[in-house]
Amino acid sequence: MLKYISKRLLMLIPVLIGVSIITFSLIHLIPGDPARSMLGEKATEAQLESLRQELGLNDPYIVQYGRFVGDILQGDLGQSIQSKESIGYELLHKLPATMELTLFAMLLAVTIGILAGVIAAVKQYSWFDNISMTGALFGVSLPIFWLGLMMIWFFSVKLNILPPSGRLTPGTEINTITNFYLLDSLLTGNFRAFKDAFLHLIMPGIALGTIPMAIIARMTRSSMLEVMKQDYIRTADAKGLKTRLIIFRHALKNAFLPVLTVIGLQFGLLLGGAVLTETIFSWPGIGRYVYLAVLGRDYPVVQSTILVVATIFVLVNLLTDLLYKYFDPRIRYE
Amino acid sequence: MQNDSSLLEVRNLHTHFFTKSGVVKAVDGVDFSVKPGETLGIVGESGSGKSITALSILGLIPSPPGRIVDGEVLFKGDNLLKKSPKEMRSIRGKEIAMVFQDPMTSLNPVLTVEKQMVETILTHEKLTRKQAFARALELLDLVGIPDAKNRIHNYPHEFSGGMRQRVMIAIALSCNPSLLIADEPTTALDVTIQAQILELFKKMQKELDMAIVMITHDLGVVAEVCDRVMVMYAGKPAEYTETTKLFDNGKHPYTLGLMHSIPKITEKRQKLEAITGMPPDLRSLPIGCSFAPRCKYAMESCLESDPLLKNVADGHAVRCFLHDDAFSKEESFNETIIGSEKS
Ligand SMILES: Nc1ncnc2c1ncn2[C@@H]1O[C@H](COP(=O)(O)OP(=O)(O)OP(=O)(O)O)[C@@H](O)[C@H]1O
Ligand code: SF4
Ligand SMILES: [Mg+2]
């Protein structure tokens, strides 16, 4: 097992080299002078030259790439052109915000999606099955943008029960440790902040979780239907086991395997792809961070953040594979 | 054939599948009984309704599309077809246990043998987890799993086919059932392993004093373990009698066909004379005897009406006009000649 993990971690290296080359080329693939595209048309030649100096754009590509990688290996993700802040420091705040939102959204998606999928499969063709699966079909193709705005209009504007944006109501005190607000507020016993942070999570969580929830529900249903036909389910029945035990122990544990792959994939996608949701709800996470960086042509930010997100994506994949081992004893890792 | 000392008595069982392409009469009028401690064989070709008969007894017919449309399944005098799902659950695995054909797919691949055994015991017996575990170990020992103490923690894929079938048998025996239904328990196994598993069945039956319904398509298995046997054809019994009588004095043309298709090792050249033709489509059975299209002795009357199961001797029932006293011997004889010319 340990051997397998270290092997997988070693395999990360070529992947990350690939990603680093792609993100590095980003600046240079854009036609024209990168310095000018960052500073815009009105920049003077002196300003451009100073930026080139600052970013080392006059050096040969290979030297630039070497420096980029060398810096990252030393834990230096560079500096934002717009804010002049260290990107590493900014990510320390943005990443937990995105992770917290993603985890919350996935928690919603997984619990509701799996439960709905299981019930729909067990009661195939019932009204629950029909309604939930039509809903899921709808959910997959739902425009998040529209859903987000509708929720804000309804819950924040009309009913005024949920905050429309941000992670906390301005003025709410919180002592940050991990920058996961729910966790930090719990650790410091700050229940006011906990409640506030939780309320802020609900709408973006739903917006972000809807599509994965729909995918997971459909996947769980079809996987369960397949498993329920298997011989070992008939054996479980012939042993006189209670229905609940048959469904959750015998069927779901098998049916969960393909669902797990989907969960891992969706989780990775959400981490990097929360741009839309974070923008609608002004969520200060990396999706919005990258979005603003792209708008502002803040290439160092784009570069480093993509590299970090890609790393996390690959790690999530590894974690998924390890969980597979737990759920499927037939898989051996050598 | 029915008598009061029966453990299981199946009367006039009809199990049909209502599919889009028509009603499949998988089991269509089956009667048999099993006495405590005896082994009844059910033998027949693929698709003759053996498994569906077994699943009907246990209330495991997939519904829809299946439904038991008529009949009674009396177990210790109670009609199982009248029981609630909950009552049936308390009978399955406890009073009546079942072993399936394919040990490769019948055990849950993601649960350890321990889990699959202990859960069965805990479902039916008032034991602690620890006691149930001890019982599971004991059973694995009993069915001949070497090193049970360690093997019990393994997953099914870590066992060979024969060992898995032993595990299945151990699970089936875990609550001391009075009836064990084994549905082709050796078909999926190598020949040498088959013999070992049959030995195990015989040994277990002696030690635990339970009745066995042994489903098979192999008359060799019947000869080996069964006291009595029902030959099934197209959802109906063709012949029903003691094993010795069947082999000495089998009467139904289908039975005789089956016997001819057993390879005889004594003969120099093994001659395998399989019954020609295919089993009928259960969705549209012929009006007369369902074996008629394949029967060497088929007569005019065989195409017109369906014979009934009739006693030809004490404890020997046959469903064939050739052995029906209501038909004159002469007619049968004439028709036989005509029939054999045809084939
Ligand atoms: N779910 C189902 N839907 C429709 N027909 C079915 C279904 N299950 C079984 N049947 C039909 O019932 C008939 C009897 O099946 P059964 O499984 O009892 O045969 P069998 O005698 O056990 O054969 P085998 O030796 O192949 O196991 C078959 O013709 C089969 O097509
Ligand atoms: S009834 Fe007729 S067709 Fe059927 S088995 Fe007997 S002889 Fe053959
Ligand atoms: Mg069968």
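Each chain carries its own residue numbering, running from 1 in the written order of its sequence. Here the convention is simple: chains get letters from A, ligands get numbers from 1, in the order in which they are written. Only residues with pLDDT of at least 70 are given local features in this predicted model, and only at 80 or more are side-chain atom pairs given and counted; all residues enter the totals for whole chains, interfaces and linings. Note that the side-chain values use all heavy atoms of the structure and ignore hydrogens as well as water.

Helix and strand assignments follow DSSP, with helices taken as H or I runs no shorter than four residues and strands as E runs no shorter than two, numbered in order from the N terminus. Looking only at helices and strands, chain A features 14 helices and zero strands. Of the regular secondary structure in chain A, the N- to C-terminal order runs α-α-α-α-α-α-α-α-α-α-α-α-α-α. With the C-alpha coordinates of chain A rotated into their principal frame, the extents come out at 80 × 55 × 40 Å. Type-normalised accessible area, obtained with a 1.4 Å probe on protein chains alone, sets the label of each residue: buried when under 20%, exposed when over 50%, and partly exposed for intermediate values. Out of the 334 residues in chain A, the part that is buried amounts to 47%. Whether two residues touch is decided by their heavy atoms; if any such pair falls within 4.5 Å, the residues are in contact. The long-range fraction of contacts in chain A, counting pairs at least 24 apart against all pairs at least 6 apart in sequence, stands at 71%. Summing over all exposed atoms, chain A offers an accessible surface of approximately 17100 Å²; the carbon and sulfur share of this is 68%. Per-residue and other accessible areas follow the Shrake-Rupley method at a 1.4 Å probe size, with only the shown protein chains counted as cover for residues.

Moving on, we get to the domain arrangement of chain A. Residues and elements named next belong to chain A. For the domain bounds, the source is a domain assignment made automatically or taken from a database. For chain A, the assigned domains are domain 1 (19–73) and domain 2 (97–327). The centre of domain 1, based on its C-alpha atoms, is set 37 Å off from the matching centre of domain 2. Contact residues are listed per partner, giving 12 residues for domain 1 and nine residues for domain 2. Criterion for a salt bridge: a side-chain nitrogen of Lys or Arg within 4 Å of a carboxyl oxygen of Asp or Glu. On the surface where domain 1 and domain 2 come into contact, there are zero salt bridges. Within 3.5 Å is the distance limit for a polar contact, defined as a pair of N or O atoms, with the added protein rule that one can donate a hydrogen and the other accept it, and that residues adjacent in sequence qualify only through two side-chain atoms. Where domain 1 packs against domain 2, one counts one residue pair in polar contact (both at pLDDT 80 or more). Elements represented by at least two residues in the side of domain 1 that touches domain 2 include exactly helix H1 (2–29), helix H2 (34–39) and helix H4 (61–73). In terms of residue count, H1 provides more of the side of domain 1 that touches domain 2 than any other element does, six residues in total.

All names here are of chain B. Judged by how many residues are buried, strand S9 (residues 228–233) sits mostly within the fold: six of six residues are covered. Of the two faces of S9, the one carrying Arg228, Met230 and Met232 and the one carrying Val229, Val231 and Tyr233 are both buried. Any two strands with at least two DSSP bridges between them are considered paired. Direction of pairing for strand S3 (residues 39–43) relative to S9: parallel, over a ladder of four bridges. Pairing of isoleucine 42 across the sheet is with methionine 230, part of S9. Bridge analysis of S9 against strand S10 (residues 236–242) gives six bridges, and the strand direction is antiparallel. Of the residues in S10, the one forming a bridge with valine 229 is threonine 241. Linking two consecutive strands that pair antiparallel, namely S9 and S10, is a turn of two residues; a positive phi of about 50° is found at alanine 234 within it.

Let us now look at the site of ligand 1. All names here are of chain B. Proximity criterion: a residue is near a molecule or strand once any of its heavy atoms comes within 4 Å of it. Contacts to ligand 1 come from 15 residues, most closely from Ser46, Gly47, Ser51, Ile52 and Glu184. Contact between ligand 1 and serine 46: an oxygen atom at 2.5 Å from a side-chain N or O atom of the residue. Here an oxygen atom of ligand 1 and a backbone polar atom of glycine 49 are 3.0 Å apart. Those elements that provide at least two residues to the shell around ligand 1 are strand S1 (8–19), strand S2 (22–34) and helix H1 (50–58).

Turning next to the site of ligand 2. Residues in close proximity to ligand 2 total 13 residues, the closest being Cys289, Cys295, Cys302, Cys320 and Phe321 of chain B. Looking at the shell around ligand 2, its residues break down into 12 nonpolar, one polar and no charged. Asp, Glu, Lys and Arg are counted as charged, while Ala, Val, Leu, Ile, Met, Phe, Trp, Tyr, Cys and Pro are counted as nonpolar; the rest, among them Gly, fall into the polar class.

Turning to the packing of aromatic side chains, a few remarks are in order. Classification of ring pairs uses Phe, Tyr and Trp, with its six-membered ring standing for Trp, and accepts pairs whose centres are within 6.5 Å; under 30 degrees between planes counts as stacked, over 60 as edge-to-face, and the remaining range as tilted. Under the definition given, this model contains 10 aromatic pairs over all chains. Aromatic pair phenylalanine 24 of chain A and tyrosine 65 of chain A: ring centres 5.3 Å apart, planes at 70°, arrangement edge-to-face. Here the residue phenylalanine 24 of chain A occupies a position in helix H1, and tyrosine 65 of chain A occupies one in helix H4, the gap between them amounting to 41 residues. We classify tyrosine 65 of chain A as buried; its relative accessible area is 18%. Residues tyrosine 254 of chain B and phenylalanine 291 of chain B carry aromatic rings whose centres are separated by 5.3 Å and whose planes lie at 70° to one another, so their mutual orientation is edge-to-face. With tyrosine 254 of chain B in helix H11 (residues 253–260) and phenylalanine 291 of chain B in the loop between H11 and helix H12 (300–304), this residue pair connects regions lying 37 residues apart in the sequence. Relative accessible area serves as the criterion here: at 0%, tyrosine 254 of chain B is assigned to the buried category. An aromatic cluster of three or more residues is present, and its members are Phe24, Tyr65 and Phe68 of chain A.

Another aspect to go through is the environment of serine 6 of chain B. Residues and elements named next belong to chain B. In this fold, serine 6 is placed in the segment before S1. On the basis of relative accessible area, serine 6 is assigned to the buried category, the value being 13%. With 30 residues separating them in the primary sequence, serine 6 and proline 36 have C-alpha atoms 6.7 Å apart. Dropping the residues within four chain positions of it, serine 6 is found in contact with Ser33, Val34, Lys35 and Pro36.

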